Amino acid sequence: MTAPGVCGKEGAMDDVADPTDENEDETALLFGRVLDGRGGARAIGWDEAQGWRPAAPGEVLWLHLRRTEAGMCDWLQAELGVPEPTARLLTSDATRPRAFSEGETLVAVLRGINFNSGAAPEDMVSMQLWSDGRRLVTLRRVPLQTPRDTLLEFDAGSGPVDAGSLVTSLTGHMVQRMNAAIVDMNDEIDRLEDLDMEEEESNDEVLSKAVAIRRNCLALQRHMGPQHVALEAIAREAPEWFEGHDRREIAETIALLRRFLDDVDISKESAVVLMDELRARSLAGAERTNYLLTIVAAIFLPLTFLTGLLGINVGGIPGADDGAAFWIVVGLCAAIMLMQLALFRKWKWL
């Protein structure tokens, strides 16, 4: 591969191992397949992929590459004839989902859920895609599970038979994998709504989890909305080699993504409702505490006045020389308190 030229500086190769890595050498190729047109595929190496031409009718080349490999942008231009702006898009970190056609080629940037260890659902991973109908190139920066699903189809002999069905397979698996993260969020919301707040988790803990779920939902919506538009662009603008059955397949994927978007929106609204309920419960608890403190203060106010009056240091205090005066005052205070409690209950303050 040539050194970087007009495309500018490239990133360093990732250190993270991809579960679909088949090449341990320092090439850009993670794996390569040549589709036989009957649902199967054979492996192909990096050297053989250079200047590849179909050896039999129906063969399609699929290369899965590291887009951070030095010189990748120039290789796309020299080997595949990709225009420079498109080559820069395919190797850049600008990963907002989009899709468009350039003559007989299809270009797409897609994003999926990050299922790598330690990743959160909102940490989306991108896959750039380019195809001219005979060759299809996918590029990634961090490991992707989606290509593995399609490889398993080839192993079973039921894989894509052409470039169009390969595109629909990859997009379909990418969208279907979102289901697990969305179901997990829905289950967590249901669990939080069913909690007995006083016995299991505190309001603060539940509130922090609800806030995290809402944040995840917003992140998913931010990426899945443009992805929906990108898939619609593929179905509408893809070249002629993207056949009618491929457009029907991707229409099903679009419908599935639409349903996932609705589920995410429901999860977000459920999280908001739960957060409002928790805040209202906390506010009601604080108001109840303030109310009780006010009642207590109201009860002891006349008693405090009475004891303060009898405790002034001046002559003439009634009962100063009477041994029973203390108990008389205590009885008087008790009578006043009982009378106050009776009045508060009558006025429905208690």
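Above this note sits the structure.
As a starting point, this report considers the structure included with it.

Reading the values: the criteria
Residues numbered from 1 in each chain as written. Predicted model: local features only at pLDDT ≥ 70, side-chain atom pairs only at ≥ 80, totals over all residues. Heavy atoms only, no water. Helix = DSSP H or I, 4+ residues; strand = E, 2+ residues; numbered from the N terminus. Buried < 20%, exposed > 50% of the residue type's maximum accessible area, 1.4 Å probe, protein only. Contact = heavy atoms within 4.5 Å. Areas by Shrake-Rupley, 256 points an atom, 1.4 Å probe, with all protein chains shown as cover. Patch = residues over 30% accessible without salt bridge, like charges linked within 9 Å, V, L, I, M, F, W, Y side chains within 5 Å. Salt bridge = Lys/Arg side-chain N within 4 Å of Asp/Glu carboxyl O. Phe/Tyr/Trp six-rings, centres within 6.5 Å; stacked < 30°, edge-to-face > 60°. Core = buried A, V, L, I, M, F, W, Y, C linked by side-chain atoms within 4.5 Å. Axes fitted to C-alpha atoms, helices over the stretch in contact; angles between N-to-C directions. Parallel < 35°, antiparallel > 145°, perpendicular 65-115°, else oblique. Nonpolar A, V, L, I, M, F, W, Y, C, P; charged D, E, K, R; others polar. Pairing = 2+ DSSP bridges. Expected span 1.5 Å × (residues − 1). Polar contact = N/O pair within 3.5 Å; in protein donor to acceptor, adjacent residues only side chain to side chain.

A few words now on the overall build of the protein chain. The secondary structure content of the protein chain amounts to nine helices and seven strands. Residues classed as buried in the protein chain amount to 43% of the 350 residues present. Expressed as a percentage of contacts within the protein chain between residues at least 6 apart in sequence, the contacts between residues at least 24 apart total 69%. In the form shown here, the protein chain has an accessible surface area of approximately 18000 Å², with 55% of it arising from carbon and sulfur atoms.

The next thing to look at is a nonpolar patch on the surface. Together, Tyr 291, Leu 292, Leu 338, Met 339, Leu 341, Leu 343, Trp 347, Trp 349 and Leu 350 give the surface a local cluster of nonpolar side chains, amounting to about 850 Å² of exposed area. Of all the secondary-structure elements, those providing two or more residues to the nonpolar patch are helix H8 (244-310) and helix H9 (325-346). Per element, the largest residue contribution to the nonpolar patch is four residues, and it comes from H9. Along the chain, Tyr 291 turns up in helix H8. Its relative accessible area of 32% is what places Tyr 291 among the partly exposed residues.

Once that is clear, we can look at the packing of aromatic side chains. All chains considered together, the criterion is met by five aromatic pairs. Look at Trp 62 and Phe 154: their rings are 6.2 Å apart centre to centre, the planes differ by 50°, and that puts the pair in the tilted class. Of the two residues, Trp 62 is situated in strand E3 (residues 60-66) and Phe 154 in helix H4 (residues 146-155); the sequence distance between them amounts to 92 residues. The exposure class assigned to Phe 154 is buried, which follows from its relative accessible area of 5%. Taken together, the ring pairs in this structure connect Phe 31, Trp 62 and Phe 154 into an aromatic cluster.

So, about the nonpolar core. Side chains of a nonpolar character, in soluble globular proteins, are inclined to be buried together. With 55 residues, the main nonpolar core has Trp 62, Met 178, Met 224, Leu 231 and Ile 234 as its most contacted residues. No other element matches the eleven residues that helix H7 (residues 203-237) contributes to this core. If near-sequence neighbours (up to four positions away) are discounted, Ile 234 is found in contact with Ala 99, Leu 106, Ala 108, Phe 242, Arg 247 and Ile 250. If you look at the next biggest cluster of nonpolar residues, it comprises 25 residues, including Ile 44, Leu 80, Leu 89 and Val 107.

Turning our attention to the packing of helix H5 (residues 163-176) against helix H6 (residues 178-193). At a minimum axis separation of 4 Å, H5 and H6 run at an interaxial angle of 15°. Viewed along their axes, H5 and H6 adopt a mutual orientation that is roughly parallel. Only Met 178, Asn 179 and Ala 180 of H6 make contact with H5, whose side of the interface consists of Met 174, Val 175 and Gln 176. Partitioning the contact of H5 with H6 into residue classes produces four nonpolar, two polar and no charged.

Turning our attention to the sheet that holds strand E2 (residues 41-43). Strand order in the open sheet formed by seven strands is E2-E1-E3-E7-E6-E5-E4, and the pairing between neighbours is mixed. Sheet topology places E2 and strand E4 (98-102) at the edges, where each strand pairs with a single neighbour. Looking at each pair of strands side by side, their axes are set apart by 15° on average, direction ignored. Sheet topology note: the strand E5 (residues 105-112)/strand E6 (residues 125-131) ladder contains seven bridges and is antiparallel. Pairing of Gly 112 across the sheet is with Val 125, part of E6. On the sheet, H4 packs against strand E1 (29-35), E2 and E3 and is oriented at approximately 150° with respect to E3.

Compared with an ideal rise of 1.5 Å per residue, which puts 14 residues at 20 Å, H5 spans 20 Å between its outermost C-alpha atoms and is within 8% of the ideal. Where H5 begins, one side-chain oxygen reaches toward the backbone nitrogen of Gly 164, 3.3 Å away; that side chain belongs to Asp 162.

Let us look at the pairing of strand E7 (residues 135-140). For E7, the buried fraction is high: six of the six residues fall into the buried class. The side-chain alternation of E7 yields two buried faces, one formed by Arg 135, Val 137 and Leu 139 and the other by Leu 136, Thr 138 and Arg 140.

By the element assignment, Glu 193 lies in helix H6. Judged by its relative accessible area of 40%, Glu 193 is partly exposed. Separated by 80 residues in sequence, Glu 193 and Val 273 place their C-alpha atoms 9.7 Å apart. For Glu 193, the contacting residues outside a window of four places in its chain are Ser 270 and Leu 274.

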